Structures are given as structure tokens and as C-alpha cells.
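# Topology and contacts: notes
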Amino acid sequence: RTIGYWHHRNELQRLDELLDGEHLERWWSNSEIETFEVTHLNHADARAVITRLQPDIMVRVSGGVLKRETFSQARIVTLNIHHGLAPRIRGMWSIPWGIVEGRHDWIGATVHEIDEGIDTGRILWRGAPQLAPGDTGTTLLFRVHLEAVDALVTAIRHYATGATPPSWAL
């Protein structure tokens, strides 16, 4: 338990360094983007905020499974970055489990539309980072997340023009 806590704390610190957390915090505070505190993503308070915002597209990157009454509030689509190669591997901790199980085919990310299943929506992109000696769950998550964000932006640009992005061939 002690080793797990120490390791988790160090991994979070490393991720904060990789993402340049101080810069992100400054950017966020200067952005003047309004934030909302809600109990959880599927809570009635969250849905009320979403209703008020009337989003065309919603993006979920972390925070649990969205229920239909939440994700269906997007006029066009709700998208997700899943840190794992869906539908092959679903749920949380896909990258660390891929390391533990020696399953490199689990290590990667998927950008997909959210539907009622868990990581089962139409796949828009899948990718995997190049594995290197000394990689950790944190470094792999960081590298594949950057690729996934780029793919997410590409998908959003398709939707913005009125087009539906192509599905990823399985």
C-alpha cells in the first residue's frame, strides 16, 4: 500500500511535468472560460448546465461513464478519448493493465462517439505510441494522449463543416 501510494504520487507528479501543469493552470485562469462545479457528470445539476450551454459537440476525456440523458444533450455528437484500444480493451486503466499483462496490443487510445455502451461507440481514430525502453504507464499515456487530442481536433473539424468523420476500419 505504501509503495503503491508513493508510486502513484510520483507518476502524477511526472504527468504534471510532462503536461506543464503550471502553464496549463495559468492559461486556464487567463482564459476567462466559465467553469461549473457539479456533483458528477450525470447529476441533474450537470445536465442543467449542459442544457443552458446548448452544446453542438461535447467531449468527455475523463470522469466516468455518461448516461444517455447526459451525452444526448449534444446537438450533433458527444465524443470520448478512451485510453485503450476499444473495443478490444474497455474501461479504466487499459494502459497500465496492458503493461502488467504484457499485452502491447492493449496500449493506445481511441477517439469514438459515445453511445450507451462502455467504449462501444463508432470509432473515429485508434493509435498506439511507439514503445521504448524505460516507458511507464505515465509516459505512454502522455504520448498517446497527445496523438488522440490531435485526432479529436480533426474529428471536430469534420463535424464543424457539417461532415461526419470517417469511421476507423477495424
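What comes next is a walk through the structure. (Residues numbered from 1 in each chain as written. Predicted model: local features only at pLDDT ≥ 70, side-chain atom pairs only at ≥ 80, totals over all residues. Heavy atoms only, no water.)

## Remarks on the pairing of strand S3 (residues 109–113)
So the rule is basically this: Categorising residues by exposure relies on relative accessible area from a 1.4 Å probe, with only protein chains included: less than 20% of the type maximum marks a residue as buried, more than 50% marks it as exposed, and the intermediate range marks it as partly exposed. Note on conventions: DSSP H or I runs of at least 4 residues are helices, E runs of at least 2 residues are strands, and numbering of each starts at the N terminus. Only strands joined by at least two bridges in the DSSP assignment are considered to pair.
Counted residue by residue, S3 has five buried out of five residues, so it is predominantly covered. Going residue by residue along S3, you find Ala 109, Val 111 and Glu 113 tucked away on one face and Thr 110 and His 112 tucked away on the opposite face as well. Where strand S2 (residues 77–82) and S3 come together, four bridges link them in antiparallel fashion. Considered in S3, the bridge of Leu 79 is made with Glu 113. Of the strand pairs in this sheet, S3 and strand S4 (residues 123–127) are connected by four bridges, and their pairing is antiparallel. Within S4, the residue paired with Ala 109 across the bridge is Gly 127.

## Observations regarding the nonpolar core
In plain terms, the rule: For our purposes a nonpolar core is just a set of buried Ala, Val, Leu, Ile, Met, Phe, Trp, Tyr and Cys residues, chained together by side-chain atoms within 4.5 Å. Here, two residues are considered to be in contact whenever any of their heavy atoms come within 4.5 Å of each other.
One finds Leu 79, Val 111, Leu 124, Trp 125 and Ala 148 to be the most contacted residues of the largest nonpolar core, which totals 16 residues. Mapped by element, the contributors of at least two residues to this core are S2, S3, S4 and helix H6 (137–160). In terms of residue count, H6 provides more of this core than any other element does, seven residues in total. Excluding its chain neighbours within four sequence positions, the residues that come into contact with Trp 125 are Ala 109, Thr 110, Val 111, Val 144, Glu 147, Ala 148, Ala 151 and Trp 168.

## What about the layout of surface pockets?
Applicable threshold: Only protein atoms enter the 1 Å grid, on which a cavity is a set of points fitting a 1.4 Å probe that cannot get out and a pocket is an open set with protein on both sides within 12 Å along at least 5 of 7 lines, lining residues being those with an atom within 4 Å of a point. Grid points are joined across faces, edges and corners, and a volume is the space filled by probe spheres set on the points. Three classes are used, and their members are as follows: Ala, Val, Leu, Ile, Met, Phe, Trp, Tyr, Cys and Pro are nonpolar, Asp, Glu, Lys and Arg are charged, and the others, Gly among them, are polar.
Within this model, the largest pocket holds a volume of roughly 1200 Å³. In this structure, the largest pocket is lined by 39 residues; those nearest its centre are His 83, Met 92, Trp 93, Pro 96 and Leu 141. The set of elements that each furnish at least two residues to the lining of the largest pocket consists of helix H1 (2–18), S2, helix H5 (94–100) and H6. Among the elements that line the lining of the largest pocket, the one with the most residues is H1, at six residues. Among the residues forming the lining of the largest pocket, the class breakdown is 17 nonpolar, 18 polar and four charged. Reported here for the second largest pocket is a volume of approximately 750 Å³.

## Details of a nonpolar patch on the surface
Our working definition: A residue counts toward a patch only above 30% relative accessible area and without a salt bridge, and it is joined to like-charged neighbours within 9 Å or, for Val, Leu, Ile, Met, Phe, Trp and Tyr, to nonpolar neighbours within 5 Å. Accessibility throughout is a Shrake-Rupley quantity obtained with a 1.4 Å probe, and a residue counts as covered only by protein chains that appear here. Salt bridge, as used here: a side-chain nitrogen of Lys or Arg that lies within 4 Å of a carboxyl oxygen of Asp or Glu.
A contiguous nonpolar patch, built from Phe 36, Val 38, Leu 41 and Leu 53 and spanning about 290 Å² of accessible area, is present on the exposed surface. Topologically, Leu 53 is positioned in helix H3 (residues 44–53).

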